[in-house]
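# Secondary and tertiary structure notes
These are the residues of each chain, in order.
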Amino acid sequence: MPVQPRHPVPAEAPAVPPADGSPADHAVGLAHFNSLPFAAAEAAFLECCGSLRWAHRMAAHRPYPDLGALLAASDEAGYDLAPSDIAEALAAEPAPCLHHDAPRAAHLALRAAHAAYESRFGHAFVICLDAYTPAQHVDQVLAGIRVRMEHEVDEERAVTAEELRRLARSRIVELMTAGPGQ
């Protein structure tokens, strides 16, 4: 369940040199990103969070002086999302999936857990897995669903919004490191 883009980035976005994750890579990616046409920047931001209002706001507030300012703006825009914006972002989230070689039982368990969660809360389960290795993802998702199924609806709404903000931050860092179109 690595961070996967949801939509292709427009072809008008020129390539950025490959990155190795250093702060200089963020600076190169950010400078490139700040220079993109508005529509290309907005489309790239939609890859980070599926709320059109959030993506529009993020693209409109360019240029960002550094990665910290960009991430702070992302958090601020995330805190300002209305319930309808959060619902839009959740609808755009890709369904988590396992590698096709994973045991059938794991596929079934994950599918059942997601169905139970969606039935209870009416939206997809989201979780940021940055702190875990890919081998731990399935266990963390299943454990997260199990714990969060006990939440009241309002509590889960707040947790879900926070997970969306964390996912957006993670995807922004990836975008600024790899550069649009990479």
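Residues numbered from 1 in each chain as written. Predicted model: local features only at pLDDT ≥ 70, side-chain atom pairs only at ≥ 80, totals over all residues. Heavy atoms only, no water.

### Quick look at the confidence of the model for the chain
Note: predicted coordinates in regions of low pLDDT should not be interpreted at a detailed level. On average, residues of the chain score 84 in pLDDT, and 83% of them reach the 70 mark or higher. Put simply, helix H1 (residues 23-34) is where the chain has its lowest mean pLDDT, 80, and helix H3 (residues 52-60) is where it has its highest, 97. Across residues 1-22, where pLDDT falls below 50, the model places 50 contacts with residues more than four positions away in sequence or in other chains. (pLDDT = per-residue confidence, 0-100. Helix = DSSP H or I, 4+ residues; strand = E, 2+ residues; numbered from the N terminus. Contact = heavy atoms within 4.5 Å.)

### Digging into helix H5 (residues 83-92)
In an α-helix, one full turn covers 3.6 residues, which means residues spaced three or four apart are oriented alike. Buried within H5 we find Asp-85, Ile-86, Ala-89 and Leu-90. Each buried residue of H5 lies within a common arc of 135° when the element is viewed along its axis, so the set occupies one face. Looking at H5, the residues exposed on the side facing more than 90 degrees away from the buried face are Ser-84 and Ala-91. Where H5 is buried, its residues contact H3 and helix H8 (153-178). (Buried < 20%, exposed > 50% of the residue type's maximum accessible area, 1.4 Å probe, protein only. Arc of directions from axis to C-beta.)

### With respect to the nonpolar core
Phe-33, Phe-45, Trp-54, Met-58, Leu-70, Ile-172 and Met-176 are the most contacted members of the largest nonpolar core, which totals 32 residues. Elements represented by at least two residues in this core include exactly H1, helix H2 (38-48), H3, helix H4 (67-79), H5 and H8. The element best represented in this core is H8, accounting for seven residues. When neighbours within four sequence positions are excluded, Leu-70 is seen to be in contact with Leu-30, Phe-45, Met-58, Tyr-64, Ile-172 and Met-176. Counting residues in each nonpolar core, the second largest holds ten residues, with Leu-98, Leu-110, Ile-127 and Val-141 among its members. (Core = buried A, V, L, I, M, F, W, Y, C linked by side-chain atoms within 4.5 Å.)

### Let's talk about the packing of H4 against H8
Relative to each other, H4 and H8 sit at 150°, their axes nearing to 10 Å. The angle between H4 and H8 places the two elements in the roughly antiparallel class. Between H4 and H8 the crossing geometry is right-handed. Where H4 approaches H8, its residues Leu-67, Leu-70, Leu-71, Ser-74, Asp-75, Gly-78 and Tyr-79 are matched on the opposing element by Glu-162, Arg-165, Ala-168, Arg-169, Ile-172, Val-173 and Met-176. Residues that form the contact of H4 with H8 fall into these classes: eight nonpolar, two polar and four charged. (Axes fitted to C-alpha atoms, helices over the stretch in contact; angles between N-to-C directions. Parallel < 35°, antiparallel > 145°, perpendicular 65-115°, else oblique. Left-handed = near helix turned anticlockwise from the far one by under 90°. Nonpolar A, V, L, I, M, F, W, Y, C, P; charged D, E, K, R; others polar.)

### Topic: the packing of aromatic side chains
For the coordinates displayed, the defined rule picks out four aromatic pairs. Pairing Phe-33 with Phe-45 gives two aromatic rings, centres 4.8 Å apart and planes at 80°, and the pair type is edge-to-face. You can see Phe-33 sitting in helix H1 and its partner Phe-45 sitting in helix H2, a full twelve residues away along the chain. Considered together, Phe-33 and Phe-45 belong to a single accessibility category, that of buried residues. Judged by centre distance (4.9 Å) and plane angle (45°), the ring pair of Tyr-117 and Phe-121 falls under tilted. Taken together, the residues Tyr-117 and Phe-121, both in helix H6 (residues 104-121) and four residues apart, mark about one turn of the helix. What makes Phe-121 buried here is its relative accessible area of 12%. Pairwise contacts between aromatic rings join Phe-33, Phe-45 and Trp-54 into one cluster. (Phe/Tyr/Trp six-rings, centres within 6.5 Å; stacked < 30°, edge-to-face > 60°.)

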